[in-house]
Amino acid sequence: MEYFINNKYFKSIVTFIFFITFSISSVSADFFVSPEGSDLNPGTKEKPFKTPEKARDIIREKNLNKKETVVIWFFGGRYFRKESFKLKEKDSGSKKHQIVYKAVPGEKVYWDGGDVLNKYEPILDKEILNRIRSRNRKNIFQITLDKSQGENMGSYGPRGFGRTQFPAPAELFINGIPQTIARWPNNGRVPLGQVVDTGSTPRWGDSTYRGAVFKYEIFRPELWTKAKDMYIGGIFSESYADDSIKVSEIDINKKTIKMSEPHLYGFNNKPYTSWYASNLLEEIDIPREYYIDKEAKKIYFYPISGDIKLIQLSQLETPLVVMENASYIKFENIIFENSRGNGIEIKNGRNNTIAGCIIRQIGGIGADVSGGMNHSIISSDIYYTGAGGVSLSGGDRKSLTPSSHMVKNSDIHNVNRWYKTYRPCVNLKGVGQKVINNHLHDVPGQAILFYGNDHLIEYNEIDNCVTDMSDMAAIYTGRDPSVMGHVIRYNFFHHLENKLGSGHGVQAIYFDDDDLYTGIIFGNVFYKAGSNAVIHFNGGGSSSIGNNIFIDCPKVIWGGERERVLSAIRKMHDTRYKNVQKRIFENVDIRKEPFKSRYPYLLKSYESEYNIGTPMWNNVVISSEEKEKMSQFVNPEKMNFKLKKNSEILKLRSEKVVDPVYGLDNEKIKFKDIPFEKIGIYKDRYRGAFIY
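Here the structure is a predicted model, which means the values were calculated and not measured.

Undergrad: So, the overall build of the chain: which residues are in play, and what are the values?
TA: Counting its regular elements, the chain contains nine helices and 59 strands. Rg of the C-alpha trace for the chain: 27 Å, near the compact-globule value of 26 Å for 692 residues, within the 12% margin. Here the C-alpha coordinates of the chain stretch approximately 80 × 80 × 55 Å along the principal axes. Here the contacts in the chain between residues at least 6 apart in sequence split such that 70% fall between residues at least 24 apart. When the accessible surface of the chain is split by element, carbon and sulfur atoms take 49% of a total near 28700 Å².

Undergrad: Can you explain helix α5 (residues 578–587)? Please cite residues and give values.
TA: Note that an α-helix has 3.6 residues per turn; residues three or four places apart therefore point the same way. Buried residues of α5: V580, Q581, I584 and F585, and no others. Each buried residue of α5 sits inside an arc of 95° when the element is viewed along its axis, so together they form one side. Residues of α5 that are exposed and angled more than 90 degrees away from the buried face: K578, N579 and E586.

Undergrad: Tell me about the pairing of strand β23 (residues 289–293), and name the residues and values.
TA: Here β23 lies mainly inside the structure; five of its five residues are buried. Both strand β14 (residues 180–181) and β23 contribute to a ladder of two bridges, which runs parallel. If you follow T180 over to β23, its bridge partner there is E289. Sheet topology note: the β23/strand β24 (residues 298–302) ladder contains five bridges and is antiparallel. Bridging across to β24, D293 finds its partner in K298. Remark: four residues form the turn of the hairpin made by β23 and β24, two consecutive strands paired antiparallel; K297 in that turn has positive phi of roughly 55°.

Undergrad: Which residues make up unusual backbone geometry, and what values go with them?
TA: Excluding glycine, a negative phi dihedral is what most residues carry, and trans is how most peptide bonds are arranged. A cis amide bond links G157 to the next residue, P158, at an omega of 5°. Secondary-structure assignment places P158 in the loop between β10 (141–144) and β11 (159–160). A cis amide bond links W184 to the next residue, P185, at an omega of -10°. Within the fold, P185 resides in the loop between β15 (183–184) and β16 (190–191). With a phi close to 50°, S379 is a non-glycine residue in the positive phi region. Overall, S379 belongs to the buried group, its relative accessible area being 1%. A positive phi angle, near 60°, is found at N666, a position not held by glycine.

Undergrad: Would you mind going over helix α4 (residues 562–571) in detail, with residue names and values included?
TA: Restricting attention to buried positions, one finds in α4 the residues V565, A568, I569 and K571. The buried residues of α4 all sit within an arc of 160° when viewed along its axis, so they share a single face. Facing away from the buried side of α4 by over 90 degrees, the exposed positions are R562 and E563. Of the surrounding elements, those touching the buried residues of α4 are α5 and α7 (600–608).

Undergrad: Give a description of the state of the cysteines that names residues and reports values.
TA: A complete count under the given rule lists zero disulfides for this structure. No disulfide involves C465; its sulfur sits 5.6 Å from that of C425, the nearest cysteine. Free cysteine: C553, not disulfide-bonded; nearest cysteine sulfur from C465 at 14 Å.

Undergrad: I'd love a proper account of the pattern of salt bridges, names of residues and values included.
TA: Considering all chains together, one arrives at 43 salt bridges under this definition. Put simply, K294 and D229 hold a salt bridge, and the shortest N to O gap is 4.0 Å. Note that K294 is positioned in the loop between β23 and β24 and D229 in the loop between β18 (213–215) and β19 (231–235), a separation of 65 residues in sequence. Its salt-bridge partner being K592, residue D589 comes within 3.9 Å of it at the nearest N-O pair.

Undergrad: Account for the sheet that holds strand β44 (residues 472–478), with residues named and values stated.
TA: Here we have eleven strands laid out as an open sheet, ordered β5-β26-β29-β32-β35-β38-β41-β44-β47-β50-β53, and parallel in their pairing. Each edge of the open sheet is held by one strand with a lone partner, namely β5 (85–87) and β53 (557–558). Relative to β44, strand β41 (residues 448–450) is paired through two bridges, and the arrangement is parallel. Looking at β44, one finds that L449 is bridged to Y476.

Cut-offs and rules
- Residues numbered from 1 in each chain as written.
- Predicted model: local features only at pLDDT ≥ 70, side-chain atom pairs only at ≥ 80, totals over all residues.
- Heavy atoms only, no water.
- Helix = DSSP H or I, 4+ residues; strand = E, 2+ residues; numbered from the N terminus.
- Rg over C-alpha atoms; globule rule 2.2 N^0.38 Å.
- Contact = heavy atoms within 4.5 Å.
- Areas by Shrake-Rupley, 256 points an atom, 1.4 Å probe, with all protein chains shown as cover.
- Buried < 20%, exposed > 50% of the residue type's maximum accessible area, 1.4 Å probe, protein only.
- Arc of directions from axis to C-beta.
- Pairing = 2+ DSSP bridges.
- Disulfide = S-S within 2.5 Å.
- Salt bridge = Lys/Arg side-chain N within 4 Å of Asp/Glu carboxyl O.

Just geometry here; none of it tells us what the structure is for.
Put into structure tokens, the structure is as follows:
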């Protein structure tokens, strides 16, 4: 028996209302695109184009982008992308006249980088059934792919810490939910058995390229001897470095598993090192698991019970949209999904905007912005991606010229399906990026990873991050004393814990490896934020920490003492630390303008060992057991930590504060009220208009 899925999409009656009530502006040119249209049509609402390329090319031909605002309206439906939609400099709008690609109000528009699969059937092949160990074989089905669908399925791995990102393999999504490639155990990992051979350690100069060998003490691997493309994933040495490596041999006599290539740090037995096996037909045993046989061009999957409305297979390995040297272009209220590569890439240009969009079911990063100026991701949701949420880079560090890219009012979560560590919700590089009013949550690693100068991180809610790492924090930077000028203010950090159970713990903010004067940490609220400290200086220190509230937290600060600051200062002179000297004198030069004037305290420390330790002032530490103190908040039971007007905290005052980063020189300073009600995402015209 074959099962068929109805994939016909109907236009909403809202579209009819739209055309009755919406008056096209006389100062704009409008084109319409529909999945049922034709590129031979004139692009009117009655006779729309079929592809965005046709609308783009007409705009080019008529030079409309130089004359007026142009809106390309998309009717509801699914626009299948077999290649990237590319926009060049000649496709740019202008400051007065944008080029806007947007959904017709009330309609769902999908840019789909894969295929919709319409039928599936029971498995009849006895050899396949014998390999599947589950008692629920009757609930496992197969999909036979046609030639075009199985041409380029991609590679499973290797993927992990220190490895170059490449497109994900083809993936299965059912009803918009990523399915899980069949694995054992179904959840979590098992402790790493005795390491027989650590394998080579490239991190320490061992280039023999030898895979590790470890013992197993369970029978399960003996069921996997027919597996063709099996991988071992996990944490194999350092608690911040995940990896996934192909298996070259299972020796059932020696009870060992041998890897095909090394892990960066080698395999080592530590309290937290652990593994899981993946990409195994034999292990389809719970709902949402699947396995793709690339040679046979078949998908075997175990769906959850209930109605299957949509089955998708990702295919496109390039970004869905690429804007290169283009400017003043806007995408609004469009869903980008089901692709093996990145979602959207913006390279150079200026003032491009992604507003009210959803980017999901992506194998790479949701949105990658590099170069140019003033690009924005606004009021968008990014989730179910494989290698991070948003990356913003640009500006010039030597001149401290900002690029002023921004991600604002966006919900970013579950963005690490393929790369678990150092692929954060938001990655910042260069100068002057902004992360404002976002909700960043539910990721195994960092919420924000930053390098460069003068970034602004404010009004964000950050929670349930670093769920599968240790020696890490929700916000992380390190290894470069020239990384300065950052402001981390008015954020709400909560529920950050060390679920790994060992290692060096989890913090809210981490300045690693001798950073100095990194920035200002002001007006933040920390609630149950960290396992052994809230703010961690691994060497160095001297950032400004003032006017923050800590509730049910471990100790506020780990490190940052004068002796650690002095050690970091002296390393800037020590020729053994060549990387440090390269970063402060070659990548930039802290002895010259504009660094000399913008951050005078670092040069002063370099020249005279100026050292004030790490200034802390007007910080409040409270336990929820202290009922009287907790009563100063509006509604602490519901995590509303807005201070009441009569709060004693607002009377707090520090005397003779010396804090060069904040700009205080032996001064008095009062506690400033924290605008807690302004933190997090909010409803605006984009979120209000979008149909979820």
